[in-house]
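The lines below spell out each chain.
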Amino acid sequence: MPDWKYENKYSGYVCGIDEAGRGPWVGPVVAGAVIFINRNVDKEILDNLNDSKKLSACKRERLYDLLLKEAENGNLVYGIGEASAVEIDKFNILQATFLAMKRAVEKLKIKPQNALIDGNRLPKDFMCSCECIIKGDALSYSISAASILAKVYRDNLMKSMALKYPGYGFEKNAGYGTKDHIEGLKKYGVTPEHRKSYRPIKELLQNA
């Protein structure tokens, strides 16, 4: 379970950063950035924060709402950044993820002195010093909160995309290559939101 150990290594404001949506075949990659201004937040948040993938959708959505409420109360600040499918195709998924992370930090109302980033790769030319933490979303409260915000925000984007492009199951599969997504591609073809550099989409376009 996460704690404040990594945040406590630094003085000044520390933000946690995580992304959602590197694997899907469609839609943007989304990053969240969170700074806890006051650690005395709703106990339900600290008791339940974890790697967003280990939580049920219902619990993620509950935590998302609680985190936004704490932001309204001034106990934390957050930013959400996106990099589009076009940018993923242009730069590759890793560089697009770093771009989304930079955009998330740029939206923070308070500028951090340090950033804790989930994963094992550091972005170049970042706006503050940063540290990579493997499985950081299960180790740091700030990263875990960022992972929840990024995941739920992206899931909501995909639900909206499902209304625009019905038949692919985006509201359920979030753009991953599930059976209903593949069936939708066979029936309706590739949408403008698909990542054309991803092998399954690339092959489909080559064989069209």
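A brief report on the enclosed structure follows. Because the structure is predicted, anything quoted here is derived from the model rather than measured.

1. Brief notes about the pattern of salt bridges
Counted by the stated rule, this structure contains 11 salt bridges. Note that K43 is salt-bridged to D47, the shortest N-O span being 2.7 Å. You can see K43 and its partner D47 sitting in helix α1 (residues 43–48), four residues apart, about one turn around the helix. The class for D47 is partly exposed, based on a relative accessible area of 43%. In this structure, K151 and D155 form a salt bridge, with 3.2 Å as the shortest nitrogen-oxygen distance. Separated by four residues within a single helix, K151 and D155 lie in helix α5 (residues 141–164), roughly one turn from each other. Beyond isolated ion pairs, a larger network of salt bridges with shared partners links D51, K53 and D137.

2. Considerations on the sheet that holds strand β2 (residues 29–36)
In spatial order, the strands read β3-β2-β1-β4-β5; together these five strands make up an open sheet with mixed pairing. The sheet is open, and its two borders are formed by β3 (76–83) and β5 (129–133), each paired with just one other strand. Going from strand to strand, the sheet's axes swing by 20 degrees on average, the running direction of each strand aside. Summarising the sheet, β2 and β3 pair through eight bridges and their orientation is antiparallel.

3. Thoughts on helix α4 (residues 93–106)
For α4, which comprises 14 residues, the first-to-last C-alpha distance of 20 Å matches the rise-based estimate of 20 Å (1.5 Å per residue) to within 8%. Among the residues making up α4, those that are buried are I93, L94, A96, T97, F98, A100, M101, A104 and V105. N-cap assignment for α4: the residue whose side-chain oxygen lies 3.0 Å from the backbone N of L94 is N92.

4. Examining the environment of P192
As for its position among the elements, P192 is in the loop between α7 (179–188) and α8 (199–206). Among the residues examined, P192 registers a relative accessible area of 55% and is labelled exposed. Separated by 173 residues in sequence, P192 and E19 place their C-alpha atoms 22 Å apart.

5. Here we look at the nonpolar core
Ranked by size, the top nonpolar core spans 34 residues in total, and within it I17 and F170 carry the most contacts. Among the elements of the structure, β1 (14–20), β2, β3, α4, β4 (114–118) and α5 are those that each provide at least two residues to this core. Of the residues forming this core, the biggest block, eight residues, is contributed by α4. Those residues in contact with I17, other than ones at most four positions away along the chain, are G32, A33, M101, V105, A115, L116, I117, D118, F126, I143 and A146. Core analysis: the next-biggest nonpolar cluster, separate from the first, contains 23 residues, W4, V34, L46 and I148 among them.

6. A closer look at the side chain of E70
Here E70 shows up in helix α2 (residues 57–72). Of the side chains with opposite charge, K69 lies nearest to the buried E70, which makes no salt bridge, at 7.2 Å. Not counting the four nearest positions on each side in its chain, E70 is found in contact with V41, D42, I45, N75 and L76.

7. A word on the packing of α2 against α5
Taken N-terminus to C-terminus, the directions of α2 and α5 make an angle of 110 degrees; their axes are 9 Å apart at the nearest point. Accordingly, the angle class assigned to the pair α2 and α5 is roughly perpendicular. The chirality of how α2 crosses α5 is left-handed. In this structure, α2 uses R60, E61, L63, Y64, L67 and L68 to contact α5, whose residues at the interface are A145, I148, L149, K151, V152, Y153, D155 and K159.

8. Re the pairing of β2
Along any regular strand the residues' side chains alternate between the sheet's two faces. In terms of burial, β2 is largely enclosed, as eight of its eight residues are buried. Side chains V29, A31, A33 and I35 project from β2 onto one buried face, and the interleaved V30, G32, V34 and F36 project onto a second face that is buried too. Pairing of β1 with β2 involves five bridges; the strand directions are antiparallel. Bridge pairing links G16 to V34 in β2.

Criteria and thresholds
Residues numbered from 1 in each chain as written. Predicted model: local features only at pLDDT ≥ 70, side-chain atom pairs only at ≥ 80, totals over all residues. Heavy atoms only, no water. Salt bridge = Lys/Arg side-chain N within 4 Å of Asp/Glu carboxyl O. Helix = DSSP H or I, 4+ residues; strand = E, 2+ residues; numbered from the N terminus. Buried < 20%, exposed > 50% of the residue type's maximum accessible area, 1.4 Å probe, protein only. Pairing = 2+ DSSP bridges. Axes fitted to C-alpha atoms, helices over the stretch in contact; angles between N-to-C directions. Expected span 1.5 Å × (residues − 1). Polar contact = N/O pair within 3.5 Å; in protein donor to acceptor, adjacent residues only side chain to side chain. Core = buried A, V, L, I, M, F, W, Y, C linked by side-chain atoms within 4.5 Å. Contact = heavy atoms within 4.5 Å. Lys, Arg positive; Asp, Glu negative; His and termini not counted. Parallel < 35°, antiparallel > 145°, perpendicular 65-115°, else oblique. Left-handed = near helix turned anticlockwise from the far one by under 90°.

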